[in-house]
Amino acid sequence: MDTAEKFDDKAPGNAKLADQIEGEQAMDETIRYPDQTVGTPYVDNPKMRMRDVEVFYGEKQAIHGVSLDIGKNEVVALIGPSGCGKSTFLRCLNRMNDTIDICQVKGNLHLEDQDLYDPKLDVVELRARVGMVFQKPNPFPKSIYDNVAYGPRIHGLANKKYDLDEIVETSLQKAGLWNEVKDRLHSPGTGLSGGQQQRLCIARTIAVSPEVVLMDEPCSALDPIATAKIEELIAELSQSYTIAIVTHSMQQAARVSNRTAYFHLGRLVEMNDTDTVFTKPEHDLTEAYITGRFG
Amino acid sequence: MQTGNLLLLLVVMIAGAYYMGHRRSFALARPLGGIRHLHSLPFYYAMRTAIWCAIPALVVLGAWLAFDDTLIRNMVMGSLPAASQPVDGSAANLMLNQISNVASGALSPASVSPEVAAAAEKLNSLRQLNTMAVTVVVIVVAMLGTAWGWVKISPQMRARQQVEKVLQTLFMLSATIAILTTVGILMSVLFESIRFFGKVPATDFLFGLHWSPQTALRADQVASEGSFGAIPLFVGTLLISAIALLVAVPVGLMSAIYLAEYAPAKVRAFAKPALEVLAGVPTVVYGFFAALTVAPVIRQLGESIGLDVASESALAAGLVMGVMIIPFVSSLADDVITAVPQALRDASLGLGATSSETIKKVIFPAALPGIMGGILLAASRAIGETMIVVMAAGLAANMTVNPLEAVTTVTVQIVTLLTGDQEFDSAKTLAAFALGLMLFITTLLLNVIALHIVKKYREQYD
């Protein structure tokens with residue numbers, strides 16, 4: 001395992017500079033980018049292994065040489081200011097960036113032994129193994145049952161109606177929604193409350209039994225009670241799934257994740273155990289962000 | 001002054017009223033310490049003054065123009081000596097025509113009786129007086145209105161509410177015009193249809209299987225009785241529309257899906273307008289394309305495999321009509337497919353669905369109401385289309401569902417019934433209105449059915 005070198009410019013004056021930062025423009029000119037990540041971005045036997053990932057939107061480079069591992073049954077939180085590339089990075093992990101014409105991804109990304117960007121790879125299979133929950137709850141305008149059954153149906157996971165019923169029920173139970181909706185499985189999913197809709201989307205994602213679940217700010221559109229429920233759910237799900245979650249809430253990252261990665265302007269600045277990141281961050285930029293001095 | 005010039009003058013006066021109102025509101029505001037001490041912005045005071053200038057003057061002008069002609073005519077006729085008073089209505093009309101012809105100089109006064117010449121003189125002088133009077137009255141009313149509007153301006157006046165009320169009324173009137181026009185059309189068709197059903201029993205019309213509207217023009221003419229069974233026409237209409245929709249719906253939908261989901265931005269930017277050009281081709285052009293190009297090809301093809309094809313066939317008309325209405329389906333469907341939120345696409349793709357599964361199972365159901373709307377619009381166009389059918393499908397009212405034979409449609413028959421020399425109260429002419437009424441009811445029913453389908457299967461995504 002590589003031991004990442006400390007950011008060589010980590011001099012006392014650096015914190016001062018970080019203080020002065022107003023916008024990203026100022027940062028471009030005054031601070032040298034961290035060329036290497038501090039902390040421990042790599043683990044043994046990772047579920048997903050990413051090396052030197054670079055993403056371009058047309059001419060513009062959004063991600064600069066990010067390398068990190070996601071361990072088995074681990075919850076990894078990606079934090080950082082808006083526009084730092086954390087969502088873009090997350091969307092590389094199941095190739096959702098393919099839907100954007102001008103987006104180009106370079107580097108080595110592996111799910112176990114499978115190269116994600118292997119031209120021979122069937123992206124449909126990949127997305128069945130790496131599921132995604134989006135920022136805004138996006139249930140299909142169909143019944144609750146059909147929402148959950150959508151994935152199993154297109155992947156042919158159930159031969160009989162009975163099997164499908166069972167998949168729907170267990171998925172809804174795992175998502176903690178079964179008791180609330182079991183009497184109205186055939187009413188529209190869009191009629192649920194925001195928090196219920198998001199749990200429905202989680203049920204829909206786990207119905208195809210993915211190995212990894214990616215969550216892109218899953219609670220940003222929800223109230224605190226619904227958020228607490230989703231966070232509880234994430235803790236339970238981590239027993240059977242590997243989870244990567246992008247979040248703007250540092251409390252949420254601290255509550256749900258095992259390890260936390262801090263992104264800044266398209267670079268991975270620091271990745272460490274969540275406790276370490278929030279109690280004694282190694283990098284000044286991380287410290288500045290988590291103490292709320294910018295972001 | 002001529003009415004046109006008077007209107008122009010009125011526009012100038014309205015602009016002046018606006019300016020004066022604007023000036024006065026500023027003048028009133030200045031001692032108070034600026035326009036923020038007025039109830040409304042100066043614009044509203046100015047608009048209110050302009051409205052006071054315009055509306056009373058326009059109302060007076062409109063009322064005047066509506067009645068002055070009748071009034072003048074009555075005065076002229078009344079001035080004729082008792083001996084030369086016309087005996088009945090038609091004679092009066094004839095005499096009035098003569099008088100106004102003399103007055104306008106089309107007839108020389110020497111060629112008519114002296115009474116008529118005198119009446120023409122009187123008509124001319126009355127008309128001059130009338131023009132003078134209307135000019136003066138309208139200008140005075142406009143000035144009085146402006147003065148009233150101007151005097152009433154005060155910092156407390158709620159000019160904004162009043163102006164907005166007037167605008168609201170204007171919007172409402174505009175909407176009413178559209179609705180009243182529809183009602184008017186329906187009424188005119190309905191009353192003529194009732195007259196038709198007085199001559200021909202409704203059951204004969206609705207259920208009759210034979211259409212041959214030739215009736216005798218004169219009592220002594222030898223002609224057929226005329227039979228007005230509308231079924232063959234509706235069968236023809238439905239046959240051609242069905243062929244057209246069979247072409248337009250699949251082609252239109254698939255091209256919409258290609259444009260919205262698969263086409264690169266550059267292709268889309270070029271192909272969408274190019275497809276919409278189809279809708280701009282005049283139907284006459286489609287008509288001779290159908291008659292001169294498509295019909296012979298179909299005929300040759302049919303003969304080469306041993307089929308007997310009429311030179312004017314429902315198939316040729318239907319195919320070309322189908323091409324014509326492709327843009328109605330494709331353009332509307334493309335719009336609604338593009339409007340389906342990206343979040344739904346992402347959700348489906350993120351679960352490992354392919355693009356085509358996403359389109360079939362998520363996008364298509366969500367876009368269904370709009371797609372149905374497009375198909376319905378295309379169907380109404382197909383049912384109402386006349387020119388292509390006249391040129392390519394013929395006039396023979398054959399009762400058949402064989403697309404290789406000549407058929408005719410409701411609209412084509414309406415055209416043939418109403419063109420040429422006709423008595424306007426014969427059953428033949430009135431039949432056109434009954435057909436129009438039936439057509440109206442048919443499209444209305446189609447709309448209702450489609451709305452019902454949309455409501456039932458709609459998947460609401462927001």
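Residues numbered from 1 in each chain as written. Chains lettered and ligands numbered in written order. Predicted model: local features only at pLDDT ≥ 70, side-chain atom pairs only at ≥ 80, totals over all residues. Heavy atoms only, no water.

## Considerations on the overall build of chain B
Across its full length, chain B carries 15 helices and two strands. Relative to its length of 462 residues, chain B is extended, with a C-alpha radius of gyration of 32 Å against a globular reference of 23 Å. With respect to the three principal axes, the spread of C-alpha positions in chain B is 85 × 80 × 40 Å. Counting every position in chain B, which comprises 462 residues, the buried fraction comes to 39%. A separation threshold of at least 6 residues defines the contact pool for chain B, and within that pool the share at least 24 residues apart is 72%. (Helix = DSSP H or I, 4+ residues; strand = E, 2+ residues; numbered from the N terminus. Rg over C-alpha atoms; globule rule 2.2 N^0.38 Å. Buried < 20%, exposed > 50% of the residue type's maximum accessible area, 1.4 Å probe, protein only. Contact = heavy atoms within 4.5 Å.)

## Topic: the nonpolar core
A general trend in soluble globular proteins is that nonpolar side chains are found buried together. Of all hydrophobic cores here, the largest spans 51 residues; its most connected members are Phe140 and Tyr150 of chain A together with Ile240, Met321, Ile325 and Ile388 of chain B. Of all the elements in the fold, those that place two or more residues in this core are α5 (144–154) of chain A together with α7 (231–262), α9 (283–304), α10 (314–339), α11 (342–350), α12 (355–384) and α13 (387–392) of chain B. Among the elements that make up this core, the one with the highest residue count is α10 of chain B (12 residues). With residues near it in sequence (within four places) discarded, Ile325 of chain B still touches Ala244, Leu245, Ala248, Ala378, Arg381 and Ala382 of chain B. One finds Ala175, Val181, Leu185 and Val269 of chain A within the second-largest nonpolar core, a separate group that totals 43 residues. (Core = buried A, V, L, I, M, F, W, Y, C linked by side-chain atoms within 4.5 Å.)

## Brief notes about the sheet that holds strand β2 (residues 46–57) of chain A
All names here are of chain A. Read across the open sheet, the four strands follow the order β3-β2-β5-β6; overall the sheet is antiparallel. Edge positions in the sheet fall to β3 (60–71) and β6 (114–115), since each of these pairs with one other strand and no more. As judged from the eight bridges shared by β2 and strand β5 (residues 103–111), these two strands associate in the antiparallel manner. The partner of Val55 across the bridge, within β5, is Val105. (Pairing = 2+ DSSP bridges.)

## Comments concerning the environment of Ile245 of chain A
Residues and elements named next belong to chain A. On the secondary structure map, Ile245 appears in strand β9 (residues 242–246). Taking relative accessible area as the criterion, Ile245 reaches 0% and is therefore assigned buried. Considering only alpha carbons, one finds Ile245 and Leu268, 23 residues apart in sequence, at a separation of 15 Å. With near-sequence residues (within four places) excluded, Ile245 lies in contact with Val75, Val76, Ala77, Leu78, Met215, Pro218, Ile234, Gln252 and Val256.

## Details of the interface of chain B and chain A
Contacts between the two partners involve 20 residues from chain B, matched on the other side by 22 residues from chain A. Summed over the shared surface of chain B and chain A, the number is one salt bridge. For Arg91 of chain A, the salt bridge is made with Asp346 of chain B, and the minimal N-O distance between the two is 4.0 Å. Among the secondary structure elements, those contributing two or more residues to the side of chain B that touches chain A are α11 and α12 of chain B. It is α11 of chain B that contributes the most residues to the side of chain B that touches chain A, seven residues altogether. Its residues assigned to classes, the side of chain B that touches chain A shows 10 nonpolar, six polar and four charged. (Salt bridge = Lys/Arg side-chain N within 4 Å of Asp/Glu carboxyl O. Nonpolar A, V, L, I, M, F, W, Y, C, P; charged D, E, K, R; others polar.)

## What about the sheet that holds strand β7 (residues 130–133) of chain A?
All names here are of chain A. Pairing is mixed in the open sheet, where seven strands are placed in the order β1-β11-β10-β4-β9-β8-β7. The open sheet has two edge strands with one neighbour each: β1 (38–39) and β7. Its contacts with the sheet place helix α8 (residues 194–206) against β7 and β8 (212–216), and it is angled at close to 170° to β7. In the packing of helix α9 (residues 224–237) onto the sheet, the strands contacted are β4 (75–79), β8 and β9, and the crossing angle to β9 comes to about 150°. (Axes fitted to C-alpha atoms, helices over the stretch in contact; angles between N-to-C directions.)

## Quick word on the side chain of Arg48 of chain B
All names here are of chain B. Its location among the elements puts Arg48 in helix α2 (residues 42–79). It turns out Arg48 is buried and unbridged, and the closest side chain with the opposite charge, Glu164, is 13 Å from it. Sequence-distant contacts of Arg48, defined by excluding residues within four places in its chain, comprise Gly149, Lys152, Met157, Ala159, Gln162 and Val163. (Lys, Arg positive; Asp, Glu negative; His and termini not counted.)

## Topic: a nonpolar patch on the surface
Residues and elements named next belong to chain B. On the surface, a nonpolar cluster with roughly 660 Å² of combined accessible area is contributed by Leu186, Phe440, Ile441, Leu444, Leu445, Val448, Ile449 and Ile453. Among the elements that take part in the nonpolar patch, helix α15 (residues 427–457) stands out by supplying seven residues, more than any other. One can find Leu186 in helix α5 (residues 159–199). (Patch = residues over 30% accessible without salt bridge, like charges linked within 9 Å, V, L, I, M, F, W, Y side chains within 5 Å. Areas by Shrake-Rupley, 256 points an atom, 1.4 Å probe, with all protein chains shown as cover.)

## Observations regarding the packing of aromatic side chains
Per the counting criterion, the structure on display carries 11 aromatic pairs over all chains. Their ring planes at 45° and their centres at 5.5 Å tell us that Phe89 of chain A and Phe263 of chain A sit as a pair that is tilted. Of this pair, Phe89 of chain A sits in helix α3 (residues 86–92) while Phe263 of chain A sits in strand β10 (residues 259–264), and the two are 174 residues apart along the sequence. Here Phe263 of chain A falls in the buried class, since its relative accessible area comes to 0%. Between the aromatic rings of Phe197 of chain B and Phe205 of chain B, the centroid separation amounts to 5.5 Å while the plane-to-plane angle is 70°, which identifies the pairing as edge-to-face. The partly exposed category is assigned to Phe197 of chain B, whose relative accessible area is 27%. (Phe/Tyr/Trp six-rings, centres within 6.5 Å; stacked < 30°, edge-to-face > 60°.)

## Notes on the domain arrangement of chain B
Assigned domains within chain B: domain 1 (3–157) and domain 2 (227–461). A straight line from the C-alpha centre of domain 1 of chain B to that of domain 2 of chain B covers 50 Å. (Domains from an automatic or database assignment.)

## Quick notes on unusual backbone geometry
All names here are of chain A. A positive phi angle, close to 50°, is found at Asp52, a residue other than glycine. Structurally, the position occupied by Asp52 is in strand β2. Although it is not a glycine, Glu112 adopts a positive phi angle of roughly 50°.

## A look at the confidence of the model for chain B
The predicted model of chain B has a mean per-residue pLDDT of 86, with 96% of residues at 70 or higher. Two summary scores accompany this predicted model of the complex, namely pTM at 0.72 and ipTM at 0.81. (pLDDT = per-residue confidence, 0-100.)

## Considerations on the side chain of Arg199 of chain A
Residues and elements named next belong to chain A. Inspection of the secondary structure assignment puts Arg199 in helix α8. According to the relative accessible area criterion, Arg199 is buried, its value standing at 6%. Those residues in contact with Arg199 that lie beyond four places of it in its chain are Ala175, Gly176, Leu177, Glu180, Lys229, Ile230 and Leu233.

## Here we look at helix α6 (residues 161–174) of chain A
Residues and elements named next belong to chain A. The end-to-end C-alpha separation of α6 is 20 Å, in line with the 20 Å expected for 14 residues at 1.5 Å each. Where α6 is buried, its residues meet α5, α7 (178–181) and α8. Just beyond α6, the residue with positive phi is Gly176, at close to 70°. (Expected span 1.5 Å × (residues − 1).)

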